[in-house]
Amino acid sequence: MMKIGSHISSARGYEAMGKQALKLGASTFAFFTRNPRGGSAKAVDEADVKKFLELWKAEGYGKIVAHAPYTLNACSDKPEVRRFAREAFAEDLKRMEYTPGNYYNFHPGSHVGQGAEEGVRLIANLLNENLYEEMTTTVLLETMAGKGSEIGRSFEELRAILDRVRLSDKMGVCLDTCHVWDAGYDIAGDLDGVLQEFDRIVGLDRLKAVHINDSLNGLESRKDRHARIGEGCIGLEAFVRLINHPALRELPFILETPNDDAGWTREIAMLREAYRE
Ligand code: FE
Ligand code: FE
Ligand code: ZN
């Protein structure tokens, strides 16, 4: 069964997210653990979570992919920004345990001129301070476009973070198709080559989820502007190969395309159509 879905608003709680996912024809989804631009998170309503878990189990669906707020920057040069990152990360990991065994994806961060090495060190610190043996969540580093001073634009930078994390079995990677393309990995022209490189440097066993987005810009543009599937520079054919690739086809595919509900419903149906069962 293809695992595909979009981002869904978490404003009305877990059961509402599950129902909304079903409405879109989705079998997984992503959601922000709190306002994507920061701020505090609502308390978890255990009865609501329970209803969601029952609904999801009844459908036979698997993992969901939570997304940390964009403002979470573990390697900022500002202490108060780093403090927010620590607090939000710790709190989010606690909340994630209400829905055991799922994914928590975050943007590694922007080093804002401190250099990639210092960025990697600060990101690994955040992880080492917060990961714990008993947690059931897997934390995913997202591949980034390389806009500004973003860390995670190369597989080597992801490797460097993983190498510094003590509980690295709690860690995985989420591949964002728009971001890797913008970072210079030609997933349209040479998907096999890109995945071989990923395997050599990071290891395909680390790859847990895919953000499936077309890009408004060309290869290595470092822009990070998402497009609807087939309406950008990556193109529909590349996505058909990607969702059917043996190394990727079992992973959850999350759409972060500029769409409304009708658009996501269409996109999900189109990709299901292109998926070889
Ligand atoms: Fe993201
Ligand atoms: Fe993404
Ligand atoms: Zn993006």
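Refer to the structure above for everything that follows.
Along each chain, the written sequence defines residue order, and numbers are assigned to residues from 1. Key to labels: chains lettered from A, ligands numbered from 1, both in the order written. With pLDDT at 70 or above as the cut-off, local features in this predicted model cover only qualifying residues; side-chain atom pairs require 80 or more to be listed or tallied, and sums for whole chains, interfaces and linings still use all residues. Side-chain calculation: all heavy atoms of the structure are included, whereas hydrogens and water are not.

Engineer: Explain the coordination of the iron ion (ligand 1) here, please?
Structural biologist: For Na, K and Ca the donor cutoff is 3.2 Å, while for all other metals N, O and S atoms count as donors only within 2.8 Å; water does not appear among the atoms, so some sites may look incomplete. The coordination sphere of the iron ion (ligand 1) contains the protein donors His 67 (NE2), His 107 (NE2) and Glu 142 (OE), at a distance range of 2.1 to 2.3 Å. Mapping the donors of the iron ion (ligand 1) onto the primary sequence yields the spacing H-x39-H-x34-E. A gap of 3.2 Å separates the iron ion (ligand 1) and the iron ion (ligand 2), which Glu 142 links by coordinating each metal. One end of the pair, His 67, is in strand 3 (residues 65-67); the other, Glu 142, is in strand 6 (residues 138-142), and 75 residues separate them in sequence. The numbering of helices and of strands both runs from the N terminus, where a helix is a DSSP run of H or I of at least 4 residues and a strand a run of E of at least 2.

Engineer: Would you take a moment to explain the coordination of the iron ion (ligand 2) for this structure?
Structural biologist: A four-donor tetrahedral metal ideally has 109.5 degree angles, and a six-donor octahedral metal ideally has angles of 90 or 180 degrees. Taken together, the protein donors to the iron ion (ligand 2) comprise Glu 142 (OE), Asp 176 (OD), His 211 (ND1) and Glu 256 (OE), at separations of 2.0 to 2.3 Å. Note on geometry labels: four donors, all angles 85 to 135 degrees, give tetrahedral; four donors become square planar and six octahedral when opposite donors are over 155 degrees apart and every other angle is between 65 and 115; remaining cases are irregular. Classification of the site at the iron ion (ligand 2) as irregular follows from its four donor atoms and the range of 83 to 174° in their angles at the metal. Here the donor residues of the iron ion (ligand 2) share one chain and are spaced in sequence as E-x33-D-x34-H-x44-E.

Engineer: How should I be thinking about the side chain of Asn 130 in this particular structure?
Structural biologist: On the secondary structure map, Asn 130 appears in helix 4 (residues 116-130). Contacts are assigned to residue pairs with any non-hydrogen atoms lying within 4.5 Å of each other. Setting aside its immediate chain neighbours within four residues, Asn 130 contacts Arg 86, Phe 89, Ala 90 and Leu 93.

Engineer: In this structure, what is going on with the packing of aromatic side chains? I would like to understand it.
Structural biologist: The geometry of two aromatic rings is summed up by the distance between their centres and the angle between their planes. We call Phe, Tyr and Trp rings a pair once their centres come within 6.5 Å, taking the six-membered ring for Trp, and we label the pair stacked below 30 degrees between planes, edge-to-face above 60, and tilted otherwise. On inspection of all chains with the given rule, the structure shows twelve aromatic pairs. Each ring, one from Phe 155 and one from Phe 198, has its centre 5.1 Å from the other, and the planes form 80°; the classification is edge-to-face. Of this pair, Phe 155 sits in helix 5 (residues 155-164) while Phe 198 sits in helix 7 (residues 191-201); the two residues are 43 residues apart in sequence, bridging distant segments of the chain. Each member of the aromatic cluster is reached from another via a ring pair, and the members are Tyr 14, Phe 29, Phe 31, Phe 52, Trp 56 and Tyr 61. Consider the ring centre and the ring normal. A charge sits over the ring if Lys NZ or Arg CZ is within 6 Å of that centre and within 35 degrees of that normal. The aromatic ring of Tyr 103 is capped on one face by Lys 63, whose charged end is 5.6 Å from the ring centroid.

Don't take any of this as a statement about function, it's just geometry.
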